[in-house]
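What the coordinates show
Spelled out, the chains give:
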Amino acid sequence: MINKIVMLPGDGIGAEVIYAAKEVLEAIAKKFDRQFEFSVHDIGGIAIDRHGTPLPTETVEACKKADAVLLGAVGGPKWDNNPSDLRPERGLLGIRKALDLYANLRPVKGFEKLLHASPLRQDIIQGSDLLIVRELTGGLYFGTPSERRNNGEDVVDTLAYSRKEIERIVDKAFQSAQLRKKHLTSVDKANVLESSKLWREIVEEKKVQYPDVTVEHVLVDACAMKLITNPTDFDVIVTENMFGDILSDEASVLTGSLGMLPSASLAEDGVGLYEPAHGSAPDIAGQGIANPIAMILSAAMMLRYSFEMNEEARAIEKAVEDVLNEGYHTKDLKSHDGTLVNTNEMTALITKAIL
Ligand code: NAI
Ligand code: MG
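Residues numbered from 1 in each chain as written. Chains lettered and ligands numbered in written order. Predicted model: local features only at pLDDT ≥ 70, side-chain atom pairs only at ≥ 80, totals over all residues.

Remarks on the overall build of the chain
What the chain contains, in helices and strands, is twelve helices and 14 strands. Its C-alpha atoms give the chain a radius of gyration of 20 Å, within 12% of the compact-globule value 20 Å for 355 residues. The dimensions of the chain, computed from C-alpha atoms along their principal axes, are 50 × 50 × 40 Å. Relative to its full complement of 355 residues, the chain shows a buried share of 48%. Long-range contacts, defined here as pairs at least 24 residues apart, represent 75% of the contacts in the chain between residues at least 6 apart. (Helix = DSSP H or I, 4+ residues; strand = E, 2+ residues; numbered from the N terminus. Rg over C-alpha atoms; globule rule 2.2 N^0.38 Å. Buried ≥ 20, exposed ≤ 12 C-beta atoms within 10 Å, placed from the backbone. Contact = placed C-beta atoms within 7 Å.)

Structure below.
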């Protein structure tokens, strides 16, 4: 069986790290006798330059026909002043919507060897291992109206959710918790927002279906604090789109670098999309020094969630851990000792550890 993978490199370091992930997948194919077929398509700024749109129809069609999609990152200063429909982020929001990727899973695990790389105290972050389940197709980023009024002097954005949208993400989070430490933290702002009140009601209704999972509700502002004062209290966090966006960047400091955080975006039963949590990093793009690990761990998530290749996924994760334990690190992982390597060198080390 051939697994068809669409690669969307995008902009900046997105294009650098995605080829690192491809190399690692080729090593997996060799080691485990698997067949992956790759095709490359445009999204984001590069698609604007080449096709006049951040999300060409051809790209959407290719993704729909694929078994899984790997995405680098989009964006950069070159397109910052474009009108809103010609911005790279539109491509990203568009592909999430087109594939109905409602569940964004972001595991945040502190690697033992990288404890020093976090600005947080080691005794606080030691043992932290959590999963943020972020709703991805609703909420503020998609609600209408979203517009300027009154000659641009007034603005409105809309936070809208349907019961069905909340139910499916809450189910996904309960199921994820069942596979982990069976503790779910639902994050909302139910003291203020109507959308959060319904969210909380639905979590309360659903919990009877998952009696083995313990549930707590935490307000988003309190959660932001607890995440960096008591990170080991968390197992699975479920929250709406914007809260999840903010909390997952915050949680990245537990790992020492955004360059370590993978993500999976899943549909109900369609193709999944896998991308690092970081952006296109224009400040280091083109220098060949980006940390490829977030992208490589995203490829591991692809093997696990889209292809049910658990052993192969674990082989990647173990290779990453081994290479870090040997003291190799990219520039973003500030280290006092060990060996500083660039993107290609880190990729080669991980590939070698697999084979
Ligand atoms: P960013 O994640 O690109 O960079 C933040 C900081 O982390 C930078 O200093 C960068 O050098 C560093 N960093 C990120 N990933 C790294 C890696 N793999 N290795 C080493 N260092 C890394 O976020 P920023 O600067 O806010 O946004 C830059 C551009 O990326 C913008 O155009 C933004 O819209 C876009 N963006 C795209 C995302 C996506 O495609 N999913 C997500 C976030 C931002
Ligand atoms: Mg973000």
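Some thoughts on the UniProt feature "binding site: substrate" (unreviewed entry) in the chain
Per the UniProt record, the feature "binding site: substrate" (unreviewed entry) sits at R96, R106, R134 and D221. Taken along the chain, the residues just named run across 126 residues; in space they spread out, the farthest C-alpha pair reaching 26.8 Å. Relative to the helices and strands, R106 is located in strand β4 (residues 103–109). Aside from chain neighbours lying at most four places away, what touches R106 is L131, I132, R134, S248, L261, S263 and A277. If sequence neighbours within four positions are ignored, R134 has contacts with N104, R106, T239, N241, G244, D245 and S248. (UniProt positions renumbered as here; feature names shortened; annotations may be inferred.)

Examining the site of ligand 1
Lining the immediate surroundings of ligand 1 are 22 residues, of which G75, G259, H278, G279 and N291 lie closest. Breaking the shell around ligand 1 down by element, the ones donating at least two residues are α1 (13–32) and α4 (88–98). Considered class by class, the residues forming the shell around ligand 1 number eleven nonpolar, seven polar and four charged. (Near = placed C-beta within 6 Å. Nonpolar A, V, L, I, M, F, W, Y, C, P; charged D, E, K, R; others polar.)

Topic: the sheet that holds strand β11 (residues 262–266)
Strand order in the open sheet made by the ten strands is β2-β1-β3-β12-β11-β4-β5-β10-β8-β9, with mixed pairing throughout. Either end of the sheet is taken by a strand with one partner, and the two such strands are β2 (35–40) and β9 (214–219). Neighbour to neighbour, the strand axes of the sheet diverge by 25 degrees on average, direction disregarded. As paired elements, strand β8 (residues 183–188) and strand β10 (residues 236–239) share four bridges and run parallel to each other. Within the sheet, the bridge partner assigned to L184 lies in β10 and is V236. Packed onto the sheet, helix α6 (residues 163–178) meets β4, β5 (129–135), β8 and β10 and runs at close to 165 degrees relative to β5. (Pairing = 2+ DSSP bridges. Axes fitted to C-alpha atoms, helices over the stretch in contact; angles between N-to-C directions.)

Overview of helix α7 (residues 194–206)
Taking 1.5 Å per residue, 13 residues should reach 18 Å; α7 reaches 19 Å between its end C-alpha atoms and fits that length. Of the residues making up α7, those classed as buried are S195, S196, W199, I202 and V203. Looking straight down α7, one finds its buried side chains confined to an arc of 120 degrees; they lie on one side. Along α7, the residues that are exposed and aim more than 90 degrees away from the buried face are E194, E204 and E205. Looking at the buried side of α7, the elements it contacts are α6, β8 and β9. (Expected span 1.5 Å × (residues − 1). Arc of directions from axis to C-beta.)

Some points on the domain arrangement of the chain
How big an interface is tends to be stated in terms of accessible area lost as the parts join. By domain assignment, the chain separates into domain 1 (1–101 + 273–355) and domain 2 (119–254). Here the C-alpha centroids of domain 1 and domain 2 sit 25 Å apart. With six residues of domain 1 at the contact, the number on the domain 2 side is five residues. Residues of the side of domain 1 that touches domain 2, tallied by class, amount to three nonpolar, no polar and three charged. (Domains from an automatic or database assignment.)

Observations concerning the packing of helix α10 (residues 293–305) against helix α11 (residues 310–325)
Their axes nearest at 7 Å, the elements α10 and α11 cross at an angle of 160 degrees. Between α10 and α11, the angle is such that the two are roughly antiparallel. Relative to α11, the crossing made by α10 is left-handed. Between α10, through I293, I296, L297, A299, A300, L303 and R304, and α11, the contact on the second element is made entirely by N310, E312, A313, I316, E317 and V320. Residue composition of the contact of α10 with α11, grouped by class: nine nonpolar, one polar and three charged. (Parallel < 35°, antiparallel > 145°, perpendicular 65-115°, else oblique. Left-handed = near helix turned anticlockwise from the far one by under 90°.)

Quick look at the nonpolar core
With 101 residues, the main nonpolar core has V24, V69, L70, I296, A299 and I316 as its most contacted residues. Residue assignment places this core across two domains, with domain 1 (1–101 + 273–355) and domain 2 (119–254) each supplying three or more. Setting aside its immediate chain neighbours within four residues, V69 contacts V6, L8, C63, V271, L273 and Y274. (Core = buried A, V, L, I, M, F, W, Y, C linked by C-beta atoms within 7 Å.)

Quick look at the environment of L266
Along the chain, the position of L266 falls in strand β11. In the structure, L266 is positioned 94 residues away from K172 in sequence and 9.8 Å away in space, judged by C-alpha atoms. Not counting residues within four places of it along the chain, the set of residues in contact with L266 comprises L101, A103, L105, G272 and Y305.

So, the environment of Q287
Here Q287 is to be found in the loop between β12 (272–276) and α10. Distance in space between the C-alpha atoms of Q287 and T144 is 40 Å, their sequence separation being 143 residues.

Re the pairing of β10
Burial along β10 is two-sided: V236 and V238 and I237 and T239, pointing in opposite directions, are all buried. Relative to β10, β5 runs parallel, the two being bridged by four bridges. Residue pairing across strands places I132 opposite I237, the latter belonging to β10.

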